[in-house]
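# Structure at a glance
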Amino acid sequence: MTMLLLDDLKKTKDSRIINVSSLASEYNAEINWEDVNRTKNFNTMHAYAQSKLANVLFTEELNRYLSIPLLLPPPLISLFQEN
């Protein structure tokens, strides 16, 4: 949805994009590309952690694409500074 609204957001002064994640993104921190929808061996916590990790990775890529500053809470600041 962010990408669909991006042109309108760029036209608007003071627009914001807010992506929500959690420390769960660090739990089992990998995306299962072979079964991204977790249809095999479903585990609620793994699915939730994978979705939060996807949010973090999307935010990082969006930052590279837009070249804008990110406002991050302390646990994630170190995550982005490592890269």
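Residue indices follow the written sequence of each chain, beginning from 1 at its first position. Predicted model: local features are reported for residues with pLDDT of at least 70 only, side-chain atom pairs are reported and counted for 80 or more only, and whole-chain, interface and lining totals are derived from all residues. Hydrogens are left out, water is left out, and the side-chain values use all remaining heavy atoms of the structure.

### Thoughts on the overall build of the chain
Definition in use: By definition, any uninterrupted DSSP run of H or I lasting at least four residues is a helix, any uninterrupted run of E lasting at least two residues is a strand, and each is numbered from the N terminus. Here the term buried applies to any residue with accessible area under 20% of the maximum for its type, exposed to any over 50%, and partly exposed to those in between, with areas from a 1.4 Å probe on protein chains only. Should any heavy atoms of two residues lie within 4.5 Å, those residues are considered in contact. A 1.4 Å probe and the Shrake-Rupley method give the accessible areas. Residues count as covered only by the protein chains that appear here.
Counting secondary structure elements, the chain contains 3 helices and 0 strands. Secondary structure of the chain in N-to-C order comes out as α-α-α. Here the chain, with 83 residues, has 22% of them falling under the buried criterion. For the chain, restricting intrachain contacts to residue pairs at least 6 apart in sequence, the fraction spanning at least 24 positions comes to 49%. When the accessible surface of the chain is summed, it comes to about 6,600 Å², and 56% of that surface belongs to carbon and sulfur atoms.

### Comments concerning the packing of helix α1 (residues 2-11) against helix α2 (residues 44-66)
Geometrically, a packed helix pair is captured by the angle between its two axes and the distance between the axes. For the record, the criterion: Helix axes are fitted only over the stretch in contact, all axes being lines through C-alpha atoms; the angle between N-to-C directions runs from 0 to 180 degrees. In this scheme the crossing of two helices becomes right-handed for a clockwise turn of the near helix relative to the far one and left-handed for an anticlockwise turn of less than a right angle. Residues are sorted three ways: Asp, Glu, Lys and Arg are charged, Ala, Val, Leu, Ile, Met, Phe, Trp, Tyr, Cys and Pro are nonpolar, and all the rest, Gly among them, are polar.
In the contact formed by α1 and α2, the axes pass within 13 Å of each other and the chain directions differ by 35°. Considering the relative orientation of α1 and α2, their crossing is right-handed. Seen from α1, the contacting residues are T2, M3, L6 and K10; seen from α2, they are F58, L62, Y65 and L66. Counted by class, the contact of α1 with α2 contains 6 nonpolar, 1 polar and 1 charged residues.

### Thoughts on the environment of M3
Topologically, M3 is positioned in helix α1. Not counting the four nearest positions on each side in its chain, M3 is found in contact with F58, L62 and Y65.

### Quick notes on the confidence of the model for the chain
Inclusion rule: Scored from 0 to 100, pLDDT records how confident the predictor is in each individual residue.
When pLDDT is averaged across the chain, the result is 78; 81% of the residues are at 70 or more. Mean pLDDT values for the elements of the chain range from 52 in helix α3 (residues 74-81) up to 85 in α1.

### A few points about α2
Worth spelling out the cut-off: To estimate how far a helix should extend, the number of its residues minus one is multiplied by 1.5 Å. Nitrogen and oxygen atoms within 3.5 Å of one another constitute a polar contact, given that in protein one can donate a hydrogen and the other can accept it, and given that sequence-neighbouring residues count only through two side-chain atoms.
Over its 23 residues, α2 extends 33 Å from the first C-alpha to the last, a length consistent with the 33 Å expected when each residue adds 1.5 Å. What α2 keeps buried is the set A49, Q50, K52, L53, V56, T59, E60, L62 and L66. Capping of α2 at its N-terminal end is provided by N43; its side-chain oxygen lies 2.9 Å from the backbone amide nitrogen of M45. S67 sits one or two positions beyond α2 and adopts a positive phi of about 50°.

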